There are 2 protein chains.
Amino acid sequence: MDSSSTTSGGGSARREATRQKLYEAAVTLIAEQGFSATTVDEIAERAGVAKGTVYYNFASKSVLFEELLRHGVGLLTASLREAAERTVGDGGSKVDALDAMIRAGLVFIDRYPAFTQLYVAELWRTNRAWQSTLMVVRQQAVAVVEGVLRDGVANGEFSEEIDVPLTAAALVGMVLVAALDWKSFQPERSLDDVHAALSRLLQGRVSGCR
Amino acid sequence: MDSSSTTSGGGSARREATRQKLYEAAVTLIAEQGFSATTVDEIAERAGVAKGTVYYNFASKSVLFEELLRHGVGLLTASLREAAERTVGDGGSKVDALDAMIRAGLVFIDRYPAFTQLYVAELWRTNRAWQSTLMVVRQQAVAVVEGVLRDGVANGEFSEEIDVPLTAAALVGMVLVAALDWKSFQPERSLDDVHAALSRLLQGRVSGCR
DNA sequence: ACATTTGAACTGACTGGTCAGTGCAAAAGT
DNA sequence: ACTTTTGCACTGACCAGTCAGTTCAAATGT
């Protein structure tokens, strides 16, 4: 368990540290400027590392980006899945599960705003090498929501009329855009504020029931 | 009103036609690849025009893009405003007004998917020259929704607890993301399908009332 | 204790290609 | 007559990716 010893997985501690620095530098720069407008020199400089080091650690600029995507996506899905499971599957209501996932999404975006920004900017592009990586991620995230919705329908808790895939996508979008807007245009709001507003929208207390 | 006559603004009909061709070529290419990854040669080729013509009509690649943005944005705001006005202000319920705006949004995205894609990809970027242009558009769109929400609250139709700016942003995001998802991942669905699903979500018939 | 070797990690100057933007004479359109 | 477009050669900046050489910590030798 000694963290400085040669651990399994082939990556030395030093190497892992530089990769991490490169991820952090790349994610903010690409979120700000986009992939093509960001140069490898910039990434290296911001990471405090020589350009050659980038290529020692990653086969190419695209590969760096793809691994960065996978890295961030792992964090997101883990976070979502954990939230769905925390609100115990069969005991609690499914609305509560959705609500918990909304909060998990907000917490994630709060912690990794640059990654989210970058993700949204690249998701709907076509003809890009890493398209499939992005789709996989999207599918994982949406699938968790879809699962909860389906359970709720089977449950009788949700109407049978709802279109599960479309509704799941809309919910994800709602959280995504509301959160990006929050971070960009009203950063002073608290997470609880934003969560409360979305929660109310979800539960139809805006217009549905009186 | 003769469209072929020398209209105001100094642009001849021929010139206007090439500018239009360049807009159309640029919008799809930039939506697919992003601004930096799209070359002027590509744009010229797709528009069926010589490279020199691009520079005869626009001062630079960035200027072309900025004017393209302004052009598309004009279409969007006109479309939204028209939708808001069509559902007469005081007579109908505000939910209906929201519903009509959702449909207007979907129709717009259906007609100009590339522009929407490009818009979303660029909106949350920082440190870009055309940021302010994009923000203005966002503000206009969200403001229309906010107005309807506020009217509904004054009306008694919506709960007084709702957070107007946040809810407006969330609604816009819901439509935006659901529509982009529709176009990218389930293009066979009809507009009515998508509209119905979003409508149901809006009216809280997913989870709210039993 | 100290010297020597090893090799993974890192460096930064350099290369080859790409691309925004220019210049201009001839052609086409109105 | 004039505006607009064409075609194409050219420049200069910029940038992804390479590679010969350096650093340093741990392993090995004495």
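Residues numbered from 1 in each chain as written. Chains lettered and ligands numbered in written order. Predicted model: local features only at pLDDT ≥ 70, side-chain atom pairs only at ≥ 80, totals over all residues. Heavy atoms only, no water.

Draft legend 1. Expanded view of the packing of aromatic side chains. If you walk through the whole model with that rule in mind, you get 14 aromatic pairs over all chains. Considering the side-chain rings of phenylalanine 108 of chain A and phenylalanine 115 of chain A, the 6.2 Å spacing of their centres and the 85 degrees angle between planes classify their relative orientation as edge-to-face. Look at phenylalanine 108 of chain A and you get buried, because its relative accessible area is 6%. Phenylalanine 115 of chain A sits in the buried class, given a relative accessible area of 7%. With a centroid separation of 5.0 Å and an interplanar angle of 50 degrees, the aromatic rings of phenylalanine 108 of chain B and tyrosine 112 of chain B are classed as tilted. Cation over ring: lysine 61 of chain B sits above phenylalanine 35 of chain B, and NZ or CZ is 4.5 Å from the ring centre. One cation-aromatic arrangement involves lysine 183 of chain B over tryptophan 182 of chain B; the distance from NZ or CZ to the ring centre is 4.5 Å. (Phe/Tyr/Trp six-rings, centres within 6.5 Å; stacked < 30°, edge-to-face > 60°. Buried < 20%, exposed > 50% of the residue type's maximum accessible area, 1.4 Å probe, protein only. Lys NZ or Arg CZ within 6 Å of the ring centre and 35° of its normal.)

Draft legend 2. Layout of the interface of chain A and chain B. If you look at the interface, chain A gives 55 residues, while chain B gives 55 residues. Together chain A and chain B conceal approximately 4,900 Å² of surface at their shared face, both sides included; 62% is due to carbon and sulfur atoms. Put simply, chain A and chain B have 6 salt bridges between them. The salt bridge partner of arginine 138 of chain B is aspartate 181 of chain A, with a shortest N-O separation of 2.0 Å. Counting across the interface, chain A meets chain B through 10 residue pairs in polar contact (both at pLDDT 80 or more). In terms of residue count, helix α8 (residues 164–185) of chain A provides more of the side of chain A that touches chain B than any other element does, 14 residues in total. (Contact = heavy atoms within 4.5 Å. Buried area = accessible area lost by both parts, 1.4 Å probe. Salt bridge = Lys/Arg side-chain N within 4 Å of Asp/Glu carboxyl O. Polar contact = N/O pair within 3.5 Å; in protein donor to acceptor, adjacent residues only side chain to side chain. Helix = DSSP H or I, 4+ residues; strand = E, 2+ residues; numbered from the N terminus.)

Draft legend 3. The arrangement of the relation of the copies chain A and chain B in detail. For the pair chain A and chain B, the best superposition has an RMSD of 0.4 Å and corresponds to a rotation of 180 degrees with a translation of 0.1 Å parallel to the axis. Interpreted geometrically, this transformation is the action of a two-fold axis. A share of 100% of interface residues in chain A that are also interface residues in chain B marks the association as one of identical surfaces. (Least-squares fit on C-alpha atoms with pLDDT ≥ 70 in both.)

Draft legend 4. Quick look at the protein's contact with DNA strand C. The full set close to DNA strand C counts 18 residues, and Thr18, Ala50, Thr53 and Tyr56 of chain A together with Lys51 of chain B are the nearest of them. Among all atoms of DNA strand C positioned within 4 Å of the protein, those belonging to sugar or phosphate total 75%. Between DNA strand C and alanine 50 of chain A, the relevant distance is 2.7 Å, taken from a phosphate oxygen to a main-chain nitrogen or oxygen of the residue. Contact distances for DNA strand C include 3.4 Å between a phosphate oxygen and a side-chain N or O atom of asparagine 57 of chain A. For the surface near DNA strand C, the secondary-structure elements that each account for two or more residues are α1 (13–33) and α3 (51–57) of chain A together with α3 (51–57) of chain B. Among the elements that line the surface near DNA strand C, the one with the most residues is α3 of chain A, at 4 residues. Class assignment for the residues of the surface near DNA strand C results in 5 nonpolar, 8 polar and 5 charged. (Near = heavy atom within 4 Å. Nonpolar A, V, L, I, M, F, W, Y, C, P; charged D, E, K, R; others polar.)

Draft legend 5. Representation of the domain arrangement of chain A in the model. All names here are of chain A. Along its sequence, chain A is carved into domain 1 (11–58) and domain 2 (63–202). Computed from C-alpha atoms alone, the centre-to-centre distance between domain 1 and domain 2 is 27 Å. In this complex, domain 1 contributes 13 residues to the contact, which on the side of domain 2 involves 12 residues. Interface area for domain 1 against domain 2, summed over the two sides, is near 1,100 Å², with a carbon-plus-sulfur share of 78%. Between domain 1 and domain 2 we count 1 salt bridge in total. The salt bridge partner of arginine 19 is glutamate 67, with a shortest N-O separation of 2.8 Å. (Domains from an automatic or database assignment.)

Draft legend 6. Spotlight on the protein's contact with DNA strand D. Within the structure, DNA strand D sits among 17 residues, and Lys51 and Tyr55 of chain A together with Thr18, Thr53 and Tyr56 of chain B are positioned closest to it. Backbone atoms, meaning sugar and phosphate, make up 73% of the atoms of DNA strand D lying within 4 Å of the protein. A distance of 2.8 Å is found between a base nitrogen of DNA strand D and a side-chain nitrogen or oxygen belonging to lysine 51 of chain A. Tyrosine 55 of chain A has a polar side-chain atom sitting 3.0 Å from a phosphate oxygen of DNA strand D. Of all the secondary-structure elements, those providing two or more residues to the surface near DNA strand D are α3 of chain A together with α1 (13–33) and α3 of chain B.

Draft legend 7. The arrangement of the confidence of the model for chain A in detail. Per-chain confidence: chain A averages 86 in pLDDT, with 90% of residues scoring 70 or above. A low-confidence stretch, residues 1–9 of chain A (pLDDT under 50), is modelled with 2 contacts involving residues beyond four sequence positions or located in other chains. (pLDDT = per-residue confidence, 0-100.)

Draft legend 8. Fine view of helix α2 (residues 40–47) of chain A. Residue and element names in this part refer to chain A. Within the span of α2, buried status applies to Val40, Ile43, Ala44 and Ala47. One side of α2 carries all its buried residues, which in axial view fall inside an arc of 95 degrees. Of the surrounding secondary structure, the elements contacted by the buried residues of α2 are α1, α3 and α4 (61–86). Of the residues trailing α2, glycine 48 is marked for its positive phi of about 70 degrees. (Arc of directions from axis to C-beta.)

Draft legend 9. Here's a closer look at the packing of helix α4 (residues 61–86) of chain B against helix α7 (residues 131–155) of chain B. All names here are of chain B. Between α4 and α7, whose axes approach to 10 Å, the crossing angle comes to 5 degrees. What the angle tells us is that α4 and α7 run roughly parallel. Together, Leu69, Arg70, Val73, Leu76, Thr77, Leu80 and Ala84 of α4 and Thr133, Leu134, Val137, Gln140, Ala141 and Val144 of α7 make up the contact between the two elements. Broken down by class, the residue content of the contact of α4 with α7 amounts to 9 nonpolar, 3 polar and 1 charged. (Axes fitted to C-alpha atoms, helices over the stretch in contact; angles between N-to-C directions. Parallel < 35°, antiparallel > 145°, perpendicular 65-115°, else oblique.)

Draft legend 10. Highlighting the UniProt feature "DNA-binding region" (unreviewed entry) in chain A. On the UniProt side, "DNA-binding region" (unreviewed entry) is annotated at positions that read residues 39–58 of chain A here. What you have in residues 39–58 of chain A is 75% helix and 0% strand, and the ends, taken at the C-alpha atoms, are 14 Å apart. (UniProt positions renumbered as here; feature names shortened; annotations may be inferred.)

Draft legend 11. Inspection of the side chain of glutamine 117 of chain A at higher detail. Along the chain, glutamine 117 of chain A falls in helix α6 (residues 113–123). Take glutamine 117 of chain A: its relative accessible area is 17%, and that puts it in the buried class. A polar atom in the side chain of glutamine 117 of chain A sits 2.8 Å from the backbone oxygen of tryptophan 124 of chain B. Ignoring any residue separated from it by four or fewer positions in sequence, one finds glutamine 117 of chain A in contact with Ala31 and Leu180 of chain A together with Trp124, Arg125 and Thr126 of chain B.

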